[in-house]
Amino acid sequence: MVRFRWNDPWVLLLLSLWLACWPGRAGAATPGEADVTLQAQHWVDASGALGIDEVVSRSAETFQPLDRYRSFDLGSGALWLRLELPAQDTTHRWFLMLSAAAFTNGATLYTSGPDGRWTPQHAGDHLPVAQWTHPDQTPVFALDQTLGPVWLRLENAPAPLSPRLVLLTEQRLQETRSWTYLMVGGYLGFGLLVLFLGWVHARLYADRAFIAYCCYVACMLGFQAAFTGVGGLFFWRDWAWWNDAAPAVFMLWLTASGIWFVREACAIQRHHRGVDRFVLGWSVFGLLYPIVYLWAMNTPAFLLLSLYGLLSVFLSISLCLWTWRRGETYAGWLALGFLPVHLTYPFPALRSAGVLPDGWATQYALLIGSAIEIPLLLYILHRRAKEFNENRARRRAIDSTDPLTGLTLAPVLMLRLRDAMRRSRRYGHRCGLVLVELSNHREIVGREGREAGERVLVVAASRLSRVVRDVDTVSRIADTRFAVLVEGPEDLKLVAQHIIAKGLGRVAMLPSDLSLRFRLVSASLPLAGEDEVDDAQLLQRLHSALDQLVNEPRKVVQHLQAGARLPTTA
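Residues numbered from 1 in each chain as written. Predicted model: local features only at pLDDT ≥ 70, side-chain atom pairs only at ≥ 80, totals over all residues. Heavy atoms only, no water.

## What to know about the state of the cysteines
On inspection of all chains with the given rule, the structure shows 0 disulfides. Here Cys 214 stays unpaired: no disulfide links it, and the sulfur of Cys 215, its closest cysteine neighbor, is 7.0 Å away. Here Cys 219 is not cross-linked by a disulfide; its sulfur's nearest cysteine counterpart is in Cys 215, at 6.6 Å. The exposure class assigned to Cys 219 is buried, which follows from its relative accessible area of 12%. (Disulfide = S-S within 2.5 Å. Buried < 20%, exposed > 50% of the residue type's maximum accessible area, 1.4 Å probe, protein only.)

## Side note on the pattern of salt bridges
Applying the stated criterion to the full structure yields 22 salt bridges. In this structure, the salt-bridge partner of Arg 153 is Glu 155, at a minimum N-O distance of 3.5 Å. Overall, Glu 155 belongs to the partly exposed group, its relative accessible area being 27%. Among the salt bridges present, the one from Glu 328 reaches Arg 270, with a minimum N-O distance of 2.4 Å. Highlighted residues: Glu 328 in the loop between helix 8 (299-325) and helix 9 (329-344) and Arg 270 in the loop between helix 6 (240-265) and helix 7 (273-296), separated in sequence by 58 residues. Residue Glu 328 is classed as buried on the basis of its relative accessible area, which comes to 9%. (Salt bridge = Lys/Arg side-chain N within 4 Å of Asp/Glu carboxyl O. Helix = DSSP H or I, 4+ residues; strand = E, 2+ residues; numbered from the N terminus.)

## Looking at the environment of Thr 480
Along the polypeptide, Thr 480 turns up in the loop between strand 12 (473-476) and strand 13 (481-486). The spacing of Thr 480 and Glu 437 is 43 residues in sequence and 5.7 Å in space, taken between C-alpha atoms. Each residue touching Thr 480, except ones within four places of it in the same chain, is listed here: Val 436, Glu 437, Leu 438, His 441 and Leu 457. (Contact = heavy atoms within 4.5 Å.)

## Observations concerning helix 6
Here helix 6 contains 26 residues, and its C-alpha end-to-end distance of 37 Å stays within 8% of the 38 Å for a straight helix at 1.5 Å per residue. The sharpest bend along helix 6 measures roughly 45° and falls at Ala 246, with the proline Pro 247 sitting one to four residues further on. With 22 of 26 residues buried, helix 6 lies mostly within the body of the structure. (Expected span 1.5 Å × (residues − 1). Bend = angle between axes of the 7 residues up to and from the residue.)

## A closer look at the sheet that holds strand 13
Two modes of strand pairing occur in sheets, parallel and antiparallel, and in both the strands are linked by backbone hydrogen bonds. Taken together, 5 strands build an open sheet; the order of strands is 12-13-11-14-15 and the sheet is mixed. Each having just a single partner strand, strand 12 and strand 15 (557-560) make up the two edges of the open sheet. Going from strand to strand, the sheet's axes swing by 15° on average, the running direction of each strand aside. In terms of strand pairing, strand 11 (residues 432-438) meets strand 13 through 6 bridges, oriented antiparallel. Within strand 13, the residue paired with Gly 432 across the bridge is Val 486. Taken strand by strand, helix 14 (residues 450-467) contacts strand 11, strand 12, strand 13 and strand 14 (518-524), and its axis lies near 10° from that of strand 13. On the sheet, helix 16 (residues 535-548) packs against strand 11, strand 13, strand 14 and strand 15 and is oriented at approximately 40° with respect to strand 11. (Pairing = 2+ DSSP bridges. Axes fitted to C-alpha atoms, helices over the stretch in contact; angles between N-to-C directions.)

## Let's talk about a nonpolar patch on the surface
Taken together, Trp 253, Leu 280, Val 284, Leu 287, Leu 288, Ile 291, Val 292 and Trp 295 make up a surface patch of nonpolar side chains, about 830 Å² in accessible area. Ranked by the residues each element gives to the nonpolar patch, the list is headed by helix 7, at 7 residues. Mapped onto the fold, Ile 291 is located in helix 7. (Patch = residues over 30% accessible without salt bridge, like charges linked within 9 Å, V, L, I, M, F, W, Y side chains within 5 Å. Areas by Shrake-Rupley, 256 points an atom, 1.4 Å probe, with all protein chains shown as cover.)

## Side note on the packing of aromatic side chains
With the rule as written, the count across this model stands at 20 aromatic pairs. Pairing Tyr 181 with Phe 234 gives two aromatic rings, centres 5.4 Å apart and planes at 80°, and the pair type is edge-to-face. Placement of the pair is Tyr 181 in helix 3 (residues 170-205) and Phe 234 in helix 5 (residues 230-235), with a sequence separation of 53 residues. You can call Tyr 181 partly exposed: its relative accessible area is 27%. For the pair Tyr 205 and Phe 210, a centre-to-centre distance of 6.1 Å together with 15° between the ring planes defines the contact as stacked. Neither Tyr 205 nor Phe 210 differs from the other in exposure class; each is buried. (Phe/Tyr/Trp six-rings, centres within 6.5 Å; stacked < 30°, edge-to-face > 60°.)

## A word on the confidence of the model for the protein
Put simply, the protein has an average pLDDT of 84, and 88% of its residues get 70 or more. Element-level pLDDT for the protein is lowest in helix 1 (residues 9-21), with a mean of 45, against a maximum mean of 94 in helix 7. Per-residue pLDDT stays below 50 along residues 1-27; that stretch engages in 32 contacts with residues further than four places along the chain or on separate chains. (pLDDT = per-residue confidence, 0-100.)

## A short note on the sheet that holds strand 1 (residues 34-35)
Spatially, 1-10-5-8 is the arrangement adopted by the 4 strands of the open sheet, whose pairing is antiparallel. The outermost strands of the open sheet, each flanked by one partner alone, are strand 1 and strand 8 (140-142). By the bridge criterion, 3 bridges tie strand 5 (residues 94-98) to strand 8 in an arrangement that is antiparallel. Paired with Leu 96 across the bridge in strand 8 is Phe 141. Sitting on the sheet, helix 3 is in contact with strand 5, strand 8 and strand 10 (165-169), with an inclination near 110° to strand 10.

## Considerations on the packing of helix 6 against helix 8
Relative orientation of the contacting elements helix 6 and helix 8 amounts to 15°, with a least axis distance of 10 Å. Accordingly, the angle class assigned to the pair helix 6 and helix 8 is roughly parallel. Once helix 6 is placed against helix 8, the crossing between them reads as left-handed. Seen from helix 6, the contacting residues are Ala 248, Met 251, Leu 252, Thr 255, Ala 256, Ile 259 and Val 262; seen from helix 8, they are Leu 305, Tyr 308, Gly 309, Ser 312, Leu 315, Ser 316, Leu 319 and Cys 320. Within the contact of helix 6 with helix 8, the residues separate by chemical class into 11 nonpolar, 4 polar and no charged. (Parallel < 35°, antiparallel > 145°, perpendicular 65-115°, else oblique. Left-handed = near helix turned anticlockwise from the far one by under 90°. Nonpolar A, V, L, I, M, F, W, Y, C, P; charged D, E, K, R; others polar.)

## Details of the pairing of strand 6 (residues 106-112)
Counted residue by residue, strand 6 has 7 buried out of 7 residues, so it is predominantly covered. The pairing of strand 6 with strand 7 (residues 118-123) spans 6 bridges and is antiparallel. In the sheet register, Thr 108 faces strand 7, and the bridge partner there is His 122. Taken together, strand 6 and the strand that follows it, strand 7, pair antiparallel across an intervening segment of 5 residues, in which Gly 116 is found at a positive phi of about 80°.

## Overview of the side chain of His 42
Here His 42 is to be found in strand 2 (residues 40-45). By relative accessible area, which is 9% here, His 42 ends up buried. Leave out the neighbours within four places in its chain, and His 42 touches Thr 62, Phe 63, Gln 64, Pro 65, Leu 66, Arg 70, Phe 72, Leu 79, Trp 80 and Leu 81.

## Quick word on the packing of helix 8 against helix 9
Taken N-terminus to C-terminus, the directions of helix 8 and helix 9 make an angle of 160°; their axes are 7 Å apart at the nearest point. Here helix 9 runs roughly antiparallel to helix 8, going by the angle between their axes. Crossing angle aside, the handedness with which helix 8 passes helix 9 is left-handed. In this structure, helix 8 uses Val 313, Ser 316, Ile 317, Cys 320, Leu 321, Thr 323 and Trp 324 to contact helix 9, whose residues at the interface are Thr 329, Ala 331, Gly 332, Leu 334, Ala 335 and His 342. Of the residues belonging to the contact of helix 8 with helix 9, the class tally is 8 nonpolar, 5 polar and no charged.

As structure tokens, then:
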């Protein structure tokens, strides 16, 4: 049976997908609630200067039926929509919502009251959300005591405009708001959590790929807040200029940081310097182009923005596949991780180009895709960093360990011995050094062969390591000699007995009459006022004492007393 844990990345992925795709509670619709876009008549004021009275006075033939969902490239003009409202249930309060149009520059609804005077209601990016008649994430207009048709004036530049009008009651409007806030709020909260985890990984692994990932996620969150209108409603409700610019700026920064992330994660600089410089320049262009775009704010600048985003999708896919073919294993996984955003990116892109009308898919498809993509990329990065970190640890271990036995090399032992002697003299910490020799190694090689001789060295290293504590150091300092640095107070005679006993144990690869015979010399490190020797002299004198034991076959252990002057070399 498969068991799931709450901290499993796949469980988090499924939760994020469920949160992003949950459409909300389905309720019974009130008669009259509907999409009324195709019931409107339209006319484009190319000058954008006409007022409501001038537009109303025009002949009926001026207005054309809106027989299909379409986009309008208005430039400096304005789109006028004339809408005959269907009969409404007077027990409800009714609203007209410009659906999925959080980034419309200007929207003004004119309604006629009993006195025949026009009452305007204003919304749009060129007006702070706090000053909208009905502040919301998207333009919303009340239809109280409305007589005759209503007139809606829309303007938007340089992007095309694709209006979508929905007639709904106050209760349905509130339900729509609640589920939208829940979905977008849950997405932003989840994104901030992933952003925090990414930053923790960046500090943990010191990998620039995680920094680029954090920038990418932050720009994605900013873009979604601006694109859905939640940012304008809650975060910058008094800054009209930023509410207008934020979707384009965050889109460019998102794309630039995404390419930078691909550059770092796929290690482009290791494969081709020219390609790396091009990719870096591409990212810098996306970082700086918002200055030009906000200054120009015209159709060519918008087309260049759209082209940059489209080409960046193909560039990221190409870079991932190219480096994957050149041996970067995780580059292929990154290409799959980007897939949810790459598949949903065309919806808002085609909406901005005027190919698709405003709607739920163009508004939230990229949000759903990024909710899947963001944790996927973090999981892939985590696996990549963990593997790279383990490889670095192995390389560092190779530089400091004996390749045959896995024990510490002599230079590392000397550093630790020097530190131990310094602590022994300064603080009176009694430590010890034991030199151990496998005295019958030549006999084992002669009887069982060289391969058996290498294996018994590994066995000897393993048994010595099991005798001492984790804080002690076991090192191979010669072909058949080992050194054991015993940290802290310890009975060296007892340690010696354990070492000899371990050697006498049965070795599976050797005949029963053949065991490991150890010969050893031990000495306590000198304290302050005792024999003044350095680490190299101490080790050399122990080597000499161990060599002298060869002449006394019956003697396998020699302990040099603490405070006594150690024997000098010949």
